[in-house]
Amino acid sequence: MDVPDILLSYFSFRLRFSSYAQDQFEILLPLACEWAEVKEKVALENGVPLSSAQAEDAKRVGVIHPERVKIFAVPQIPIPRHPILRSAAEETQLITPATDGLTLRYGIFIKSSFLNDRRLIVHELIHTSQYEKLGGFLPFLRKYLMECITIGYPEAPMEQEAIRLSMVICADSKS
Ligand SMILES: [Zn+2]
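Notes on the structure in this doc start here. This structure is a prediction, so every number in the text was calculated from the model and none was measured. (Residues numbered from 1 in each chain as written. Predicted model: local features only at pLDDT ≥ 70, side-chain atom pairs only at ≥ 80, totals over all residues.)

1. Remarks on the sheet that holds strand E1 (residues 48–49)
Here comes step 1: Taking strand neighbours across the sheet as the criterion, the four strands line up as E1-E2-E4-E3 in an open arrangement whose pairing is mixed. Each edge of the open sheet carries a strand with a single partner, namely E1 and strand E3 (101–104).
Here comes step 2: Alignment of E1 against strand E2 (residues 70–74), held across two bridges, turns out to be antiparallel. Residue pairing in the sheet places Pro 49 in a bridge with Lys 70 of E2.
Here comes step 3: In the packing of helix H2 (residues 22–46) onto the sheet, contacts are made with E2, E3 and strand E4 (107–111), and the angle to E4 comes to roughly 75°. (Pairing = 2+ DSSP bridges. Helix = DSSP H or I, 4+ residues; strand = E, 2+ residues; numbered from the N terminus. Contact = placed C-beta atoms within 7 Å. Axes fitted to C-alpha atoms, helices over the stretch in contact; angles between N-to-C directions.)

The structure is reproduced here in structure tokens:
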């Protein structure tokens, strides 16, 4: 990255952060946590455990408890109904009708047509590992949502980590 790029991303960060009021974020965050916890429960109750190959991938990307993960195949990734959450999801493009996967700690929603997409599942497992490393819903969502609001999705570093690492893992080994 050369100097103009650094300056550019710094100014766009400042601009986006100031245009999104901190108090709005503090309202959004607990709502997002509540929604994520409820939806994790749905995925855990209705999903299936990882296959042994998927559990191997989970360990590869640093998931501490692969046995807790469930994958729930759905025709469409759930979109929050609460107007604040809904508009945040739309604004950040985090959850749209085109979303193929969504990870809420150990509950992973995958669009049915992508169930055999190893790269996508590995990508979502990296998010599970990020939840574990950060210590749960609140710290994960605080960091992840803040990155998506200030830097943008999918440019956010936590998202980039999942994109980059899933490509490396799936290029390195076949299963
Ligand atoms: Zn992601």
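Read on, since the account is not over.
2. Quick look at helix H6 (residues 137–150)
Here comes step 1: Counted at 1.5 Å a residue, the expected span for H6 with its 14 residues is 20 Å, and the 19 Å between its end C-alpha atoms agrees.
Here comes step 2: Turning to H6, its buried residues number three or more, namely Phe 137, Phe 140, Leu 141, Tyr 144, Leu 145, Cys 148 and Ile 149. The arc that holds every buried residue of H6, seen down its axis, measures 135°, which confines them to one face.
Here comes step 3: Phi turns positive one or two residues past the end of H6, at Gly 152, with a value near 115°. (Expected span 1.5 Å × (residues − 1). Buried ≥ 20, exposed ≤ 12 C-beta atoms within 10 Å, placed from the backbone. Arc of directions from axis to C-beta.)

3. Details of the packing of helix H5 (residues 118–134) against helix H7 (residues 157–172)
Here comes step 1: As a packed pair, H5 and H7 sit with axes 8 Å apart at the nearest point and diverge in direction by 130°. One element, H5, and the other, H7, form an angle in the oblique class. Taken as a pair, H5 and H7 cross one another with a handedness that is right-handed. Of the residues in H7, those touching H5 at Arg 118, Arg 119, Val 122, His 123, Ile 126, His 127 and Gln 130 are Met 158, Glu 161, Ala 162, Ile 163, Leu 165, Ser 166, Met 167, Ile 169 and Cys 170.
Here comes step 2: Looking at the contact of H5 with H7 residue by residue, the classes come out as nine nonpolar, four polar and three charged. (Parallel < 35°, antiparallel > 145°, perpendicular 65-115°, else oblique. Left-handed = near helix turned anticlockwise from the far one by under 90°. Nonpolar A, V, L, I, M, F, W, Y, C, P; charged D, E, K, R; others polar.)

4. Topic: the packing of H5 against H6
Here comes step 1: Their axes nearest at 7 Å, the elements H5 and H6 cross at an angle of 115°. For H5 against H6, the interelement crossing comes out right-handed. On H6, the residues that touch Gln 130, Tyr 131 and Leu 134 of H5 are Pro 139, Phe 140 and Lys 143.
Here comes step 2: Here the contact of H5 with H6 is built from residues that sort into four nonpolar, one polar and one charged.

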